[in-house]
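This is what each chain is made of:
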Amino acid sequence: MKGIDGEALKYSGQRRKMVDDQLASRGIRDPRILEAMNRIPRHLFVHESLQHRAYGDHPLPIGESQTISHPYTVAAMTEALALKGKEKVLEIGTGSGYQTAVLAEMAGQVFTIERIRSISLKAQRILDRLGYMKIVFKVFDGTYGWPDQAPFDAILIAASSPSVPENLVAQLGEGGRLVIPVADNGGGQKLVRVIRECGTVRQEDIGDCKFGPLLGKYGWAEPLPPG
Ligand code: SAH
C-alpha cells in the first residue's frame, strides 16, 4: 500500500483496537495478518456515512445487497491460506475489495473476480487510490475460476456454495490451499479448507461462518430475472 493519503490515516486508534480485541485476542496468530489489518484503512472500503462503524465487530452493507466481511472472518480465512509472501492467489467475490487488499499485502499476486460490475469498479477505484499494483480484476462468474492463470497457490471464495466446486480445486497447484464457505444440512455454513498435496485432496472444517450465496454455474443457480 503506497498511495496513502490523509484520509487513509484516520481511525488509527480504532484500527489498533480492532486488531487487538477482535483478532489477536481471538486467536489470529500470523503477525503479517495483524500488521496488514492494522495498516489497511478499512473505513475507505465502505460508504462515507458508515465509515465511523468500519472497525466494529460486524459486516456492513456495501450496496447491491452485498456486505464487507466481518474483520475476524477476513483474518481467519486469510490465515487458513498460510501465505508466506510470494504466492499467486485467486479470490472469488471481490466485494468491497478489503479482503483483496489483505491478500495483496500477504502474497505475490492477486487475481480477483466479482460478478457485479458496479461493485468491482468501486473496489478497483479504492485499491488503485491506495496504490496496489499487483491485483488483476475481472467481472465474470467466478465459479469458473481463472483457468488461463491456473495453477494457484491459494484460492479464497468469499461467498457460500452448496458444495466445494471440483473445477476450482483442479485450479490449485501442488501444496495449494482453498478456503470456501459451504452450506451444511442444518441451514448453517461451515468454512472448509481444501489442501492439494502429493496427488491427494484433503478437506477439513475449520469453523462456522455466514456468507451470501455464490451465484453461478458451479455455485447456486442465478435468480431468474423478474417477469
Ligand atoms: N470479502 C468481501 C466480501 C465479499 S461479499 C469483502 O470483505 O468486502 C461476496 C461477493 O461475492 C459479493 O460482492 C457477490 O456479488 C460476489 N459473488 C457472488 N457470487 C459470485 C460469483 N459467482 N462470481 C464472482 N463473485 C460472486
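A quick note: this is a predicted structure, and the numbers were derived from the prediction, not measured. Going along each chain's sequence as written, the residues are numbered from 1 onward. In view of the model being predicted, local features appear only for residues whose pLDDT reaches at least 70, and side-chain atom pairs are presented and counted only at 80 or more, with totals across whole chains, interfaces and linings using the full set of residues. Think of the side-chain values as coming from all heavy atoms in the structure, minus any hydrogens and water.

**Things to note about the site of the ligand**
Part 1: Working definition: residue near molecule or strand if any one of its non-hydrogen atoms lies within 4 Å of it. Ser96, Glu114, Asp141, Gly142 and Leu215 are the nearest of the 22 residues found near the ligand.
Part 2: Pairing of N or O atoms within 3.5 Å defines a polar contact, subject to two protein rules: one partner must be a possible hydrogen donor and the other a possible acceptor, and residues neighboring in sequence count only if both atoms are side-chain atoms. At 3.2 Å, a backbone N or O of Arg115 approaches a nitrogen atom of the ligand.
Part 3: For the ligand, whose free accessible area comes to 580 Å², the fraction covered by protein is 98%.
Part 4: Strands are runs of DSSP state E lasting at least 2 residues, helices are runs of H or I lasting at least 4, and numbering of each runs from the N terminus. Those elements giving two or more residues to the shell around the ligand turn out to be strand 2 (66–68) and strand 4 (109–114).
Part 5: If one sorts the elements of the shell around the ligand by residue count, strand 2 sits on top with three residues.
Part 6: Ten residue types, Ala, Val, Leu, Ile, Met, Phe, Trp, Tyr, Cys and Pro, are classed as nonpolar, four, Asp, Glu, Lys and Arg, as charged, and the remainder, Gly among them, as polar. Residues of the shell around the ligand, tallied by class, amount to nine nonpolar, ten polar and three charged. What sets the accessible areas is the Shrake-Rupley method with a 1.4 Å probe; for residues, cover comes only from the shown protein chains.

**Side note on the packing of aromatic side chains**
Part 1: Geometry of aromatic contacts follows a simple scheme: Phe, Tyr and Trp rings, the Trp one being its six-membered ring, pair when their centres are within 6.5 Å, and the pair is stacked under 30 degrees between planes, edge-to-face over 60, tilted otherwise. For the structure shown, the criterion picks out six aromatic pairs.
Part 2: Aromatic side chains Phe140 and Tyr144 sit 5.8 Å apart centroid to centroid with 45 degrees between the ring planes, which places their arrangement in the tilted category.
Part 3: Judged by relative accessible area, which is 45%, Phe140 ranks as partly exposed.
Part 4: Relative to Tyr218, the ring of Tyr144 lies with its centre 5.6 Å away and its plane at 80 degrees, an arrangement referred to as edge-to-face. Only protein chains enter the calculation, and the probe is 1.4 Å; a residue is then buried if its accessible area is under 20% of its type maximum, exposed if over 50%, and partly exposed in between.

**With respect to helix 2 (residues 31–39)**
Part 1: Every buried residue belonging to helix 2 is among Ile33, Leu34, Ala36 and Met37, and all of these are buried. Buried positions in helix 2, seen along its axis, are confined to an arc of 165 degrees and lie on one side of it.
Part 2: It only takes one pair of heavy atoms within 4.5 Å for two residues to be counted as in contact. Packed against the buried residues of helix 2 are helix 1 (12–23), helix 3 (71–80) and helix 4 (98–106).
Part 3: If you check the start of helix 2, you find a side-chain oxygen 2.9 Å away from the backbone N of Arg32, and it comes from Asp30. In this description, one arc is meant: the one made by directions from the helix axis to the C-beta atoms.

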